[in-house]
Amino acid sequence: LALRGSSQDQIRLQIAVPSHGFALLALVGLVGVASDPAASRREHPDLEEQEKQDAGFRHHLSTQEKTLQICVVGSGPAGFYTAQHLLKHPQAHVDIYEKQPVPFGLVRFGVAPDHPEVKNVINTFTQTAHSGRCAFWGNVEVGRDVTVPELREAYHAVVLSYGAEDHRALEVPGEELPGVCSARAFVGWYNGLPENRELEPDLSCDTAVILGQGNVALDVARILLTPPEHLERTDITKAALGVLRQSRVKTVWLVGRRGPLQVAFTIKELREMIQLPGARPILDPADFLGLQDKIKEVPRPRKRLTELLLRTATEKPGPEEAARRASASRAWGLRFFRSPQQVLPSPDGRRAAGVRLAVTRLEGVGEATRAVPTGDMEDLPCGLVLSSVGYKSRPVDPSVPFDSKLGVIPNVEGRVMDVPGLYCSGWVKRGPTGVIATTMTDSFLTGQMLLQDLKAGLLPSGPRPGYAAIQALLSSRGVRPVSFSDWEKLDAEEVARGQRTGKPREKLVDPQEMLRLLGH
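As annotated in an unreviewed UniProt entry, the chain carries the name NADPH:adrenodoxin oxidoreductase, mitochondrial and comes from Piliocolobus tephrosceles. What UniProt records for the chain under Sequence similarities (unreviewed entry) is the sentence "Belongs to the ferredoxin--NADP reductase type 1 family." Taken from UniProt, the Subunit (unreviewed entry) comment for the chain reads in full: "Monomer. Interacts directly with FDX1."

## Some points on the packing of aromatic side chains
Using the criterion set out here, one finds 16 aromatic pairs in the structure. With a centroid separation of 5.3 Å and an interplanar angle of 45°, the aromatic rings of Phe 186 and Trp 189 are classed as tilted. Taken as a pair, Phe 186 and Trp 189 lie in helix α7 (residues 183-190) at a separation of 3 residues, close to a single helical turn. Phe 186 gets classed as buried once you look at its relative accessible area, which sits at 0%. Between Tyr 391 and Trp 427, the aromatic rings sit 5.7 Å apart at their centres with planes inclined by 75°, giving edge-to-face as the arrangement. Taken as a pair, Tyr 391 in strand β17 (residues 391-392) and Trp 427 in helix α14 (residues 427-430) lie far apart in primary sequence, 36 residues in all. Each member of the pair Tyr 391 and Trp 427 is classed as buried. Cluster of aromatic residues (ring-pair linked, three or more members): Phe 80, Tyr 81, Phe 104, Phe 125, Phe 136, Phe 444, Phe 484 and Trp 487. Over the aromatic face of Phe 444 sits the side chain of Lys 88, whose NZ or CZ is 5.8 Å from the ring centroid. A cation over a ring is seen here: Arg 184 above Tyr 391, with NZ or CZ 5.1 Å from the ring centre.

## Digging into the sheet that holds strand β10 (residues 251-255)
As summarised here, the arrangement of the 6 strands in space is β8-β16-β9-β10-β12-β11, forming an open sheet in which the pairing is parallel. The sheet is open, and its two borders are formed by β8 (180-182) and β11 (279-282), each paired with just one other strand. Looking at each pair of strands side by side, their axes are set apart by 20° on average, direction ignored. Note that β10 and strand β12 (residues 330-335) share 5 bridges and pair parallel. Within β12, the position partnered with Val 255 by the bridge is Arg 335.

## So, the confidence of the model for the chain
Mean pLDDT over the chain: 89, with 87% of residues reaching 70 or higher. Confidence drops under pLDDT 50 across residues 1-45; counting only partners more than four residues distant or on other chains, this segment forms 68 contacts. Note that pLDDT drops below 50 for residues 51-63; the model gives that stretch 7 contacts with residues more than four away or on any other chain.

## Let's talk about the sheet that holds strand β13 (residues 338-345)
One open sheet accounts for 3 strands, arranged β13-β14-β15; its pairing is antiparallel. The open sheet has two edge strands, β13 and β15 (370-381), and neither has a second partner. Taken over all neighbouring pairs, the strand axes of this sheet differ in orientation by 20° on average, direction set aside. Direction of pairing for β13 relative to strand β14 (residues 352-363): antiparallel, over a ladder of 7 bridges. Of the residues in β14, the one forming a bridge with Pro 345 is Ala 352.

## Some thoughts on the UniProt feature "binding site: FAD" (unreviewed entry) in the chain
What UniProt calls "binding site: FAD" (unreviewed entry) maps, in this numbering, to Ala 78, Glu 98, Leu 106, Val 142, Trp 427, Gly 434, Val 435 and Ile 436. Position of Glu 98 among the secondary structure elements: in the loop between β4 (92-97) and α4 (105-109). Position of Val 435 among the secondary structure elements: in the loop between α14 and α15 (436-455).

## What about the UniProt feature "binding site: NADP(+)" (unreviewed entry) in the chain?
According to UniProt, the feature "binding site: NADP(+)" (unreviewed entry) maps to Gln 213, Gly 214, Asn 215, Val 216, Arg 257, Arg 258, Glu 269 and Gly 434 in the numbering used here. Tracing the chain through its elements places Gln 213 in the loop between β9 (207-211) and α8 (215-225). When residues no more than four places from it in sequence are discounted, the contact partners of Gln 213 are Leu 254, Val 255, Gly 256, Val 263, Ala 264, Phe 265, Leu 334, Arg 335 and Phe 336. Mapped onto the fold, Arg 257 is located in the loop between β10 and α10 (267-274). Aside from chain neighbours lying at most four places away, what touches Arg 257 is Phe 337, Arg 338, Ser 339, Thr 360 and Ala 371.

## A short note on the pattern of salt bridges
For the structure shown, the criterion picks out 33 salt bridges. Residue Lys 268 pairs with Glu 117 through a salt bridge whose shortest N-O separation is 3.6 Å. Taken as a pair, Lys 268 in helix α10 and Glu 117 in the loop between α4 and α5 (121-129) lie far apart in primary sequence, 151 residues in all. Across the salt bridge formed by Arg 394 and Asp 166, the nearest N and O atoms sit 3.5 Å from each other. With Arg 394 in the loop between β17 and β18 (411-412) and Asp 166 in strand β7 (residues 166-167), this pair connects stretches of sequence that are 228 residues apart. Its relative accessible area of 22% is what places Asp 166 among the partly exposed residues. Salt bridges sharing partners connect three or more residues here, namely Arg 108, Asp 491, Glu 494 and Arg 505.

The rules behind these values
Each chain has its residues counted from 1, running along the sequence as written. Where totals are concerned, whole chains, interfaces and linings use all residues; where local detail is concerned, this predicted model gives features only for residues with pLDDT of at least 70, and gives and counts side-chain atom pairs only at 80 or more. Side-chain metrics rest on all non-hydrogen atoms present in the structure, leaving aside hydrogens and water. UniProt positions are given in the numbering used here, feature names are shortened, and annotations may be inferred rather than shown by experiment. Geometry of aromatic contacts follows a simple scheme: Phe, Tyr and Trp rings, the Trp one being its six-membered ring, pair when their centres are within 6.5 Å, and the pair is stacked under 30 degrees between planes, edge-to-face over 60, tilted otherwise. Put simply, DSSP marks the helices as runs of H or I at least four residues long and the strands as runs of E at least two long, and each gets a number from the N terminus on. With a 1.4 Å probe rolled over the protein chains alone, any residue whose accessible area is under 20% of its type maximum counts as buried; one over 50% counts as exposed, and the rest are partly exposed. We count a charge as sitting over a ring when the NZ of a lysine or the CZ of an arginine lies within 6 Å of the ring centre and within 35 degrees of the ring normal. The criterion for strand pairing is that DSSP finds at least two bridges linking the strands in question. Helix axes use the C-alpha atoms of the stretch in contact, all axes being lines fitted to C-alpha atoms, and the angles between their N-to-C directions lie in the range 0 to 180 degrees. Confidence of the predictor in every single residue is expressed as pLDDT, which spans 0 to 100. Note on contacts: a residue pair qualifies if any of its non-hydrogen atoms lie within 4.5 Å across the two residues. Take a side-chain nitrogen of Lys or Arg and a carboxyl oxygen of Asp or Glu: if they are within 4 Å of each other, that pair is a salt bridge.

The structure is reproduced here in structure tokens:
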């Protein structure tokens, strides 16, 4: 608002009107103001108050002009850790967009229900969301409800942190048969991911085969074999607990193409499996021949993991452990040097009845070790096949470069290649590997690069409208965003429902029900 010192002063008010571009609307009014300010105040006693308000308005505008408007797409660990780092800049305002009505990504939908301590990181993310310079907007799907170019026009910088929401296909015949599903979908089902709530896995068989030997594979095996009464006090969904109570699965095989030295799971998860109540491990000592000498050279974490495998496979357990294993009604085992070739159908061709595996041997050394087929085959009968061969990111918008082979956005230290002002963090930046701590380091690095670019003058100058512009677009498209305080209402409802049955929460799994509860 500019006041010019003439008797007929012109007031010019500039308003950013949100649309596909941001039109500048100048409202020009002529007002009579005496050239003597003191005389004006005597004639108009309220003018002094008006001038104070004008000064406040000018201050507000100048603050707005200095605000660094940043948008983060995805509210999992990568999104929240990126926001946390960016908020270190005193002028930064960060809007986090999320396609689910609820925040926290894989902390909510990926971490196993019997690992509540891992979910404590939600407390840190909640603190970030409570910052006056951070806002969460759920129920907004970038690429569908709003495009990346629209976000880039509204913000000084955009960070894509939307993770890996797909799974890698096995690419073998028969994987489309009933009785075959991805470990990702199975995890989503028992953790209440809306898109997987109707999965209804058939657990009426005796044997399940999990293709893969990472932490997700071990999580799935553990949930399948854990006595249901041990899961009753977790936040597993009511529907999943009901199905697991009826499960007839007694044996779970985890199949890997390579050997014991190449497994992708970590020692904590392995120890949990070895000590799982009511279940015993099946490991073939022949798979571990000659391993004692090889592990001398490997890094300490890998060495400790392999030693635990070796002891479990080859040493006679003590009397107490021997008695525990003898009384176990369920079992799990690791099958090494096996690569899936085909999911075998039942005689009527209607569902999965087994997996045909190629026997492999190892070639190369160290990290370059790869499995090559020997020519031998073997069939492993089962009624449930879960593929756990990795997660995969999807492209979010045609305007964003995407490497479909690697399943990542091409970037250099988080800067999206050939698109200034666009960044990425987390799994969509580096691929679906590592734990929450890895993602934290990675996201802080992306935040650092963005702030470096700001300092170097590489980001757009001048004010950007941020959420005000996007809100107008979403409103015109009939999209109702869910705020963080909305989420806290849903959170309170989940906790209240859980308390009735002694659970920490009973997750809401239907987005429509969530929106109804919020009056959307």
